[in-house]
Amino acid sequence: MRSFRGFVVKEFKQIYRDKRTIVVLFGMPIIMLLLFGFAIRNEVSNVEIGILDASKDSFTKELIQKIDASDAFQVTSYLNSYDEISQVFKEGKVKEIIVFESSFENKLERKRVANIQLITDATDPNLANIVQSYTSKIIRNYVVEMNAQEGGNSAGVQLNFKMMYNPELASVNLFVPGLIAIILMLVSALMTSISITREKEMGNMEILLVSPLKPIHIILGKVLPYLVLSVINVIVILVLSKFVFQVPFEGSYALFFAESILFILTALSLGLLISSITNSQQTAMMIALAGLLLPTVLLSGFIFPIESMPFPLQIVSNIIPAKWYLIIVRGIMLKGTGILFLLQETVILLVTTLALIMLSLRNFKVRLE
Amino acid sequence: MRILRYLLKKEYLQIFRNKGMLPILFAMPVFQLLVLSFAATYELKQAEFAVVDFDRSILSHELVQKLQASDIFKLNAVYFSTEHALEEMEAGNIKMLLTIDAGFEKNIKSGKSAPIQITVDAVDGSIAGLIQSYSSSIIAEFNAEKLGKVKMSSAAVVLPKSVNIIPSNWYNPNLDYITFMVPGILVVLVSMIGIFLSGMNIVREYEMGTIEQLNVSPIKKWQFMVAKLVPFWTIGMFDLCIGLALARFGFNIPFLGSLVTILTIAGIYLIVIQVLGLLISTLTNTQQQAMFIAWFLMVIFILMGGLFTPIESMPLWAQNLTLANPVSYFIKIMRMVLLKGSGWQEVYKMVLVLVGMGALFLGIALNRFTKTSA
């Protein structure tokens, strides 16, 4: 036990001695959270749009003004013919062209209906979708207002929406829990995988192996400092998300920390497994970074909803631990869900962690090749 | 020149000797491109919903059926109390709850307003937004049908004005995400190889102590750097070509622009990214540090590169930050050239910016990298 304690102390010293890495380890999650918390969102702002107005009457002018005045849009170009559209799109700045048909107001007065065409540059389908629905909303609201002024009635179905848990549809609320998962997953897996392969690469592994330490002690000693580090990171992220981003926290803190520690352990043991099957830091890092980064971002439901994926991928997404952690964290933070509804996810994480530890212990070679 | 040739030979040997690395260099990017391109979509396939119907009339029943008739909404259950239904929402079993008040049918038939409530699980804001816009368009349709009948029977009321909105999506009429994602994901995969490997390769020499041997050898500074960069440049280009072939023949992505343009710009871009990796390696002492910094930059580049969430949806200051993001330029260029058929005329400015960045990185790196040990 004493030798184990000594080893742990050595590991702590080795990590905290390297000031640059420490700054990166603590600073990075903070910068990332601040940057992404503010920058990653699905609401649009200041999108450049163009107008092709064949009518130029008071109605279209007022509507254009209304659209230009919204935060979402900025009218930057006025076109004169259809043929100009493709050139404007190819330059890539303007994302949508609003086309008013000729004698618009006239038709609206007499036929009671007129046409507006919304042409989007759909190379980015997501943006095209958002831009289109924003514009339609502005147009519809304008028409409703106009009708109300003229004294129309409000017969028929009146639709009221209520957005549960996240009334402003703020993407920050969704992305912050996601960022926690990504940061924990990547930092923890990366750190452990590197620190063990490093010993191998530098030739120190021999010394550790002939020492009275058991493999399990070596592994624990390697993992412990990073567990502490990660828990500190979780606390910092939580404080930031609460006070900077005002992300609601409905559930229990104790449960949140318990689940977070469980997830950190999953990530750490994944790092262990990587280190036990590789021999150089380079390979370990490439697996931990290049191999984990995109799958964790894409398949966890962090940005893209899992329900939208094709069925086979929905199945594949089950092996991504971050997916389960995300469900748990979003549940606790936004809905205030208790452990009862999260049992399945917790058990899955637990089993994954145990399996990963077993696997890496089996692969941990006590002899040199 | 002979020195360079030997150095290159050594580097290639060193790369291809590491058997653990080969699948990471060649198989992993292809595999990720194939699998992950399908994951990046916001399409709403299906949303389960529940109904609490206090009216229980023919019309309310018709409304529910109208929702169900769309491919998107699937009726999960009918509840008799709102509380019960909300519990189901908390457990994550339903995404939407439709509550119809008593008197719904009577109100519609007599031309009064008939309120209904739709409660959406908005934890995922983008999904909630989609549910909102789909359901409101279905209900608007329902409304128009029923009102038309009411109007006809109760004679002349002035019709409200209405504007017909006709959407049309150019270059990608079906709003197909794959077309959009594949070029972007390909860029990211190639960038990762460029920045991670070329950077680490030099720090590795430091860490292993072999840099001293190189320092006392007659190798020139530029020869050493070129020998470090060229192998991964060729590997990156090779991966890119495989990726493009997959995109063309596997994913059926239209190649509207010229392939030569893409490959030329890709060549330039890879050098820029590699020089950035080189710069990182001259600023760090261990592979671990180099890796963390490279990883940190890469995550920022990817998440703020307009790959997943549109740059236009960022606040203005963040949009300005992306001007310094090489990955976002290349993603943009790839999409413009491949999907819109843009040519040099439209993209040359961005290429110039990339070249400028590369020159800047190289300048700093050369300044930092000395052949005498510190």
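None of the values given here were measured: they were computed from a predicted structure.

Reading the values: the criteria
Here the residue numbers are simple positions, counted from 1 along each chain's written sequence. In the order they appear in the text, chains get letters beginning with A and ligands get numbers beginning with 1. Confidence filtering applies because this is a predicted model: local features only for residues at pLDDT of at least 70, side-chain atom pairs given and counted only at 80 or more, and all residues used for totals across whole chains, interfaces and linings. Each side-chain value is worked out from all heavy atoms of the structure, with water and hydrogens disregarded. Numbered from the N terminus, helices here are DSSP runs of H or I no shorter than four residues, and strands are runs of E no shorter than two. Any two residues whose heavy atoms approach within 4.5 Å are treated as being in contact. Note on aromatic contacts: the rings of Phe and Tyr and the six-membered ring of Trp form a pair at centre separations within 6.5 Å, being stacked when their planes are under 30 degrees apart, edge-to-face when over 60 apart, and tilted otherwise. Here's how the labels work: a residue is buried when its accessible area is under 20% of the maximum for its type, exposed when over 50%, partly exposed in between, all with a 1.4 Å probe on protein chains only. By definition, being over a ring means that NZ of Lys or CZ of Arg is both within 6 Å of the ring centre and within 35 degrees of the ring normal. Note: domain ranges come from an automatic or database domain assignment. Take the buried Ala, Val, Leu, Ile, Met, Phe, Trp, Tyr and Cys residues and link them wherever side-chain atoms come within 4.5 Å; each set so joined is a nonpolar core. As a per-residue quantity, pLDDT reports the predictor's confidence and falls between 0 and 100.

*Asks:* Describe in detail the side chain of Gln281 of chain A, supporting the description with residues and values.
*Replies:* Here Gln281 of chain A shows up in helix α11 (residues 281–291). When sequence neighbours within four positions are dropped, the list of residues in contact with Gln281 of chain A reads Ile194, Thr197, Arg198 and Glu201 of chain A together with Glu207, Gln287 and Gln288 of chain B.

*Asks:* I'd like a rundown of the packing of aromatic side chains, residues and numbers included.
*Replies:* Working definition: an aromatic ring pair is given by the centre-to-centre distance plus the angle between the planes. Scanning the model with the defined rule gives 16 aromatic pairs over all chains in all. On the basis of an interplanar angle of 25 degrees and a centroid distance of 5.2 Å, the ring pair of Phe59 of chain A and Phe104 of chain A is categorised as stacked. With Phe59 of chain A in helix α3 (residues 58–69) and Phe104 of chain A in helix α5 (residues 104–110), this pair connects stretches of sequence that are 45 residues apart. Residue classification places Phe104 of chain A among the buried positions, given a relative accessible area of 0%. Here Arg5 of chain B stacks its cationic end above the ring of Tyr6 of chain B, 6.0 Å away from the centre of that ring. Between the NZ or CZ atom of Arg335 of chain B and the centre of the ring of Phe180 of chain B, over which it lies, the distance is 3.5 Å.

*Asks:* If you had to explain the domain arrangement of chain A to someone new, which residues and values would you point to?
*Replies:* Split into domains, chain A comes out as domain 1 (2–39 + 171–368) and domain 2 (47–164). The C-alpha-based centres of domain 1 of chain A and domain 2 of chain A are spaced at 47 Å.

*Asks:* Now, about the nonpolar core: what can you tell me, with residues and values included?
*Replies:* Residues Phe36 and Phe256 of chain A together with Phe196, Trp295 and Phe308 of chain B are the most contacted members of the largest nonpolar core, which totals 197 residues. Here this core gets 19 residues from one element, more than from any other, and that element is helix α7 (residues 177–208) of chain B. Filtering out sequence-adjacent residues up to four positions away, Phe308 of chain B remains in contact with Asn126, Leu294, Val297, Leu298, Ile303 and Phe304 of chain A together with Tyr42, Met181, Ile302 and Leu303 of chain B. Judged by nonpolar contacts, the second largest core, of 28 residues, contains Leu44, Ala47, Ile72 and Ile131 of chain B.

*Asks:* For the confidence of the model for chain B, give the residues involved together with the corresponding values.
*Replies:* Residues and elements named next belong to chain B. Confidence in the prediction for chain B averages 84 pLDDT; 95% of positions are at 70 or higher. For chain B, the element scoring lowest by mean pLDDT is helix α6 (residues 125–153), at 74; helix α10 (residues 259–283) scores highest, at 91. Here the complex is predicted with pTM 0.79, and the ipTM for its interfaces comes to 0.74.

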